[in-house]
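Coordinate inspection notes
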There are 4 protein chains.
Amino acid sequence: MAQAAELKQLVEMVTSRPGFTSAIGTKVLQVEPGCVQMSLSRRPDLLQFNGFFHGGVISGLADHAAGGAATTALPAGRIAVTIDLHVNFLSPADGETIVAKAQAIQVGGTVCVAKVEVTTGKHDQEPRLCAIATVTLRVVDVPARLAQAD
Amino acid sequence: MAQAAELKQLVEMVTSRPGFTSAIGTKVLQVEPGCVQMSLSRRPDLLQFNGFFHGGVISGLADHAAGGAATTALPAGRIAVTIDLHVNFLSPADGETIVAKAQAIQVGGTVCVAKVEVTTGKHDQEPRLCAIATVTLRVVDVPARLAQAD
Amino acid sequence: MAQAAELKQLVEMVTSRPGFTSAIGTKVLQVEPGCVQMSLSRRPDLLQFNGFFHGGVISGLADHAAGGAATTALPAGRIAVTIDLHVNFLSPADGETIVAKAQAIQVGGTVCVAKVEVTTGKHDQEPRLCAIATVTLRVVDVPARLAQAD
Amino acid sequence: MAQAAELKQLVEMVTSRPGFTSAIGTKVLQVEPGCVQMSLSRRPDLLQFNGFFHGGVISGLADHAAGGAATTALPAGRIAVTIDLHVNFLSPADGETIVAKAQAIQVGGTVCVAKVEVTTGKHDQEPRLCAIATVTLRVVDVPARLAQAD
């Protein structure tokens with residue numbers, strides 16, 4: 001298991017590279033082994049016609065946070081990639097932000113499982129649970145493209 | 001059941017309104033009652049670190065296509081909203097485009113189910129299945145915000 | 001919301017009627033509004049070839065417990081029936097018993113969602129998490145067949 | 001890949017061994033590499049309070065058929081075990097039988113995915129789709145207990 005600071009660096013590096021997660025403005029709030037929190041701020045291009053965060057955006061954040069949670073529970077040099085994503089949308093994601101808290105609940109040599117809670121919050125209110133996800137991931141070696149990143 | 005031309009107009013109107021689906025460049029390829037095809041073209045902001053379409057993007061397209069498939073099978077004035085999205089990622093979405101074909105397989109008064117196949121294609125190759133999704137949706141009245149859209 | 005004693009009676013009545021849940025020996029351990037615990041004891045006809053509880057048995061217990069959790073959170077005269085069952089098998093269910101703890105996490109007029117944790121235990125060991133489930137249910141009127149049961 | 005006759009023998013052997021699948025009367029109808037059909041006949045101990053096949057029974061049949069479909073697509077000596085089972089219940093399983101048709105749609109060295117259609121039939125009617133399932137499985141070596149079975 002790598003050190004906490006290295007883990008956070010790894011998750012931030014993957015998140016901030018050019019691509020979908022950086023384009024939608026994903027912020028890494030917290031990283032511990034097996035546990036990751038990430039957030040998105042409301043922007044017009046992340047919403048549905050009704051003004052709520054789009055299901056694809058919520059799914060993408062949950063997916064990425066689950067990958068971080070599982071990967072930080074793995075030995076260095078190994079990474080978890082999603083094979084199965086199941087999201088239940090419980091209530092409208094109508095806040096200023098959404099926050100995904102992902103936790104690895106099973107960590108194996110070939111397969112991991114993480115669960116995710118997504119809350120939405122307005123500045124003057126308690127965050128409210130708006131979606132949950134269960135994510136199954138496969139464990140692979142860190143791809144060369146990522147390993148060369150630094 | 002509305003006419004085919006009206007159905008396509010409804011799906012295109014929802015898709016092209018400002019928000020996530022238009023921001024990522026969703027194209028409506030085909031609309032029939034209970035059956036919708038949509039596509040996305042490869043763009044740097046839709047990819048993962050490894051150069052494949054991101055799982056959140058694939059999930060968002062599948063979700064939106066499922067909503068179209070279910071809604072076009074409903075009576076006019078009713079719309080289907082996703083409550084449960086399950087995506088299996090089968091192989092890397094490494095093509096120039098991804099296409100989601102969604103089909104409503106159950107249409108009820110309160111709940112619908114749609115299944116989606118997502119293929120990825122390069123210009124000189126046969127498209128390959130890269131993900132499947134099963135989507136459960138709840139049936140509600142068309143929101144005022146949408147009804148006023150025209 | 002009905003009283004706690006009535007809720008337990010309702011859940012036990014549904015569970016003990018002739019059919020699958022009574023045939024496999026389902027025991028109702030605890031019933032509170034929105035929260036139900038049930039168990040099964042190891043029997044040769046509930047196992048897989050490898051001597052663990054079969055996935056279908058685990059799924060059936062999770063499904064039934066989720067129905068109890070959602071129904072006990074509903075107004076009298078309404079019942080929740082499963083439309084969508086998602087089970088993650090985390091480790092072998094190799095104990096003397098399995099226990100499912102189901103909790104309703106969303107209760108609506110037409111749709112409910114419950115999550116379930118299934119543990120397996122041996123008499124001299126701490127129970128271990130062996131499966132989790134997420135269950136989506138539809139709310140309907142209590143069928144005449146059940147209402148007449150008393 | 002083993003021969004068709006050997007594959008059928010393997011699936012029947014696993015199905016008929018003492019345990020849940022034989023106790024509920026599972027019949028193996030057809031076995032081809034990557035594709036398996038199994039059925040159950042209506043019995044009081046397989047039903048819900050309303051007289052339909054119980055969700056746990058449907059899930060168990062779907063799970064077992066998916067395992068057969070994936071395993072028969074694998075090299076000899078390897079077997080697929082379910083890690084993730086997702087069932088959508090579409091309509092009441094109110095017939096005399098239920099039949100599960102499982103098909104492997106992805107076969108890998110560590111993970112497989114199968115989809116399953118479950119139909120229910122009465123003797124004088126066309127079978128009707130009552131459930132679909134998507135099953136993710138992990139590939140392992142055939143356990144010693146099974147290998148010694150013959």
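Here is a short report on the structure shown in this document. (Residues numbered from 1 in each chain as written. Chains lettered and ligands numbered in written order. Predicted model: local features only at pLDDT ≥ 70, side-chain atom pairs only at ≥ 80, totals over all residues. Heavy atoms only, no water.)

**What about the overall build of chain A?**
Broken down by element type, chain A carries 4 helices and 6 strands. Listed by position from the N terminus, the elements making up chain A come as α-α-β-β-α-β-β-β-β-α. The C-alpha atoms of chain A give a radius of gyration of 15 Å, which matches the 15 Å a tight globule of 150 residues would have. When its C-alpha atoms are laid out on the principal axes, chain A stretches across 40 × 30 × 25 Å. Counting over 150 residues, chain A shows a buried share of 54%. For chain A, the proportion of contacts with a sequence separation of at least 24, taken over those separated by at least 6, is 61%. Working note: accessible area of chain A is about 6000 Å², and carbon and sulfur atoms make up 52% of it. (Helix = DSSP H or I, 4+ residues; strand = E, 2+ residues; numbered from the N terminus. Rg over C-alpha atoms; globule rule 2.2 N^0.38 Å. Buried < 20%, exposed > 50% of the residue type's maximum accessible area, 1.4 Å probe, protein only. Contact = heavy atoms within 4.5 Å. Areas by Shrake-Rupley, 256 points an atom, 1.4 Å probe, with all protein chains shown as cover.)

**Things to note about the relation of the copies chain D and chain C**
The two copies are related by a screw motion: chain D maps onto chain C through a turn of 180 degrees and a shift of 0.0 Å along the axis, at an RMSD of 0.0 Å. The superposition of one copy onto the other is thereby described by a two-fold rotation axis. Within chain D, the C-alpha atom positioned nearest to the axis of rotation is that of His86 of chain D, 2.1 Å from it. The residues that chain D uses at the interface reappear at the interface of chain C in 100% of cases, marking a shared surface. (Least-squares fit on C-alpha atoms with pLDDT ≥ 70 in both.)

**Focus on the interface of chain B and chain A**
On the side of chain A, 33 residues touch chain B, which itself brings 33 residues to the contact. Here chain B packs against chain A, burying approximately 2500 Å² in sum over the two surfaces, 61% of which is carbon and sulfur. At the junction of chain B and chain A, the tally comes to 0 salt bridges. Viewed at the interface, chain A and chain B are joined by 8 residue pairs in polar contact (both at pLDDT 80 or more). Within the residue set of the side of chain B that touches chain A, elements represented by two or more residues are helix H2 (20–23), helix H3 (55–71), strand S3 (78–89) and helix H4 (144–147) of chain B. A per-element tally of the side of chain B that touches chain A places S3 of chain B first, with 9 residues. (Buried area = accessible area lost by both parts, 1.4 Å probe. Salt bridge = Lys/Arg side-chain N within 4 Å of Asp/Glu carboxyl O. Polar contact = N/O pair within 3.5 Å; in protein donor to acceptor, adjacent residues only side chain to side chain.)

**Remarks on the environment of Ala114 of chain D**
Residue and element names in this part refer to chain D. As for its position among the elements, Ala114 is in strand S5 (residues 111–121). Among the residues examined, Ala114 registers a relative accessible area of 0% and is labelled buried. Considering only alpha carbons, one finds Ala114 and Arg78, 36 residues apart in sequence, at a separation of 16 Å. In this structure, Ala114 is in contact with Ala66, Gln103, Ala104, Ile105, Ala133, Thr134, Val135 and Leu137, ignoring residues within four places of it in sequence.

**A short note on the sheet that holds strand S6 (residues 128–141) of chain A**
What holds strands together in a sheet is hydrogen bonding between their backbones, with the strands either parallel or antiparallel. On the basis of which strands lie adjacent, the open sheet formed by 12 strands has the order S1(A)-S2(A)-S4(A)-S5(A)-S6(A)-S3(A)-S3(B)-S6(B)-S5(B)-S4(B)-S2(B)-S1(B) and antiparallel pairing. The open sheet has two edge strands, strand S1 (27–32) of chain A together with strand S1 (27–32) of chain B, and neither has a second partner. Here the average twist between neighbouring strands, direction ignored, is 20 degrees. Strand direction decides the pairing type here: strand S2 (residues 35–41) of chain B and strand S4 (residues 97–107) of chain B, joined by 7 bridges, are antiparallel. Counted as the bridge partner of Ser41 of chain B is Thr97 of chain B from S4 of chain B. Sitting on the sheet, helix H3 (residues 55–71) of chain A touches strand S2 (35–41), strand S3 (78–89), strand S4 (97–107), strand S5 (111–121) and S6 of chain A together with S3 of chain B, and the angle it makes with S3 of chain A is about 140 degrees. Helix H1 (residues 4–16) of chain B contacts S1 and S2 of chain B of the sheet and is inclined by roughly 150 degrees relative to S1 of chain B. (Pairing = 2+ DSSP bridges. Axes fitted to C-alpha atoms, helices over the stretch in contact; angles between N-to-C directions.)

**Digging into the pairing of strand S5 (residues 111–121) of chain C**
Residue and element names in this part refer to chain C. Most of S5 is tucked away, with 9 of its 11 residues classed as buried. Between strand S4 (residues 97–107) and S5, which pair antiparallel and follow one another directly, the connecting turn spans 3 residues. The antiparallel hairpin formed by S5 and strand S6 (residues 128–141) contains 6 residues in its connecting segment.

**Concerning helix H3 (residues 55–71) of chain C**
Look at H3 of chain C: 24 Å from first C-alpha to last across 17 residues, which is about the 24 Å you get at 1.5 Å a residue. For H3 of chain C, a buried count of 17 out of 17 residues is recorded, marking the element as mostly surrounded by other parts of the structure. (Expected span 1.5 Å × (residues − 1).)

**Focus on the relation of the copies chain B and chain A**
In screw terms, the move from chain B to chain A is a rotation of 180 degrees and a rise of 0.0 Å along the axis, fitting with an RMSD of 0.0 Å. With an isologous cut-off of 70% or more, the 100% of interface residues of chain B that recur at the interface of chain A puts this contact in the isologous class.

**Details of the interface of chain D and chain C**
If you look at the interface, chain D gives 33 residues, while chain C gives 33 residues. Approximately 2500 Å² of surface area, both sides summed, lies buried where chain D meets chain C, with 60% of it carried by carbon and sulfur atoms. The interface formed by chain D and chain C includes 0 salt bridges. Taken together, chain D and chain C are joined by 8 residue pairs in polar contact (both at pLDDT 80 or more). Elements supplying a minimum of two residues to the side of chain D that touches chain C: helix H2 (20–23), helix H3 (55–71), strand S3 (78–89) and helix H4 (144–147) of chain D. With 9 residues, the single largest contributor to the side of chain D that touches chain C is S3 of chain D. A breakdown of the residues in the side of chain D that touches chain C according to their chemical character gives 15 nonpolar, 13 polar and 5 charged. Pairing of strand S3 (residues 78–89) of chain C with S3 of chain D, which is carried by 5 bridges, proceeds in the antiparallel orientation. Bridge pairing in S3 of chain D places Asp84 of chain C opposite Asn88 of chain D. (Nonpolar A, V, L, I, M, F, W, Y, C, P; charged D, E, K, R; others polar.)

All we've got here are geometric facts, nothing functional implied.
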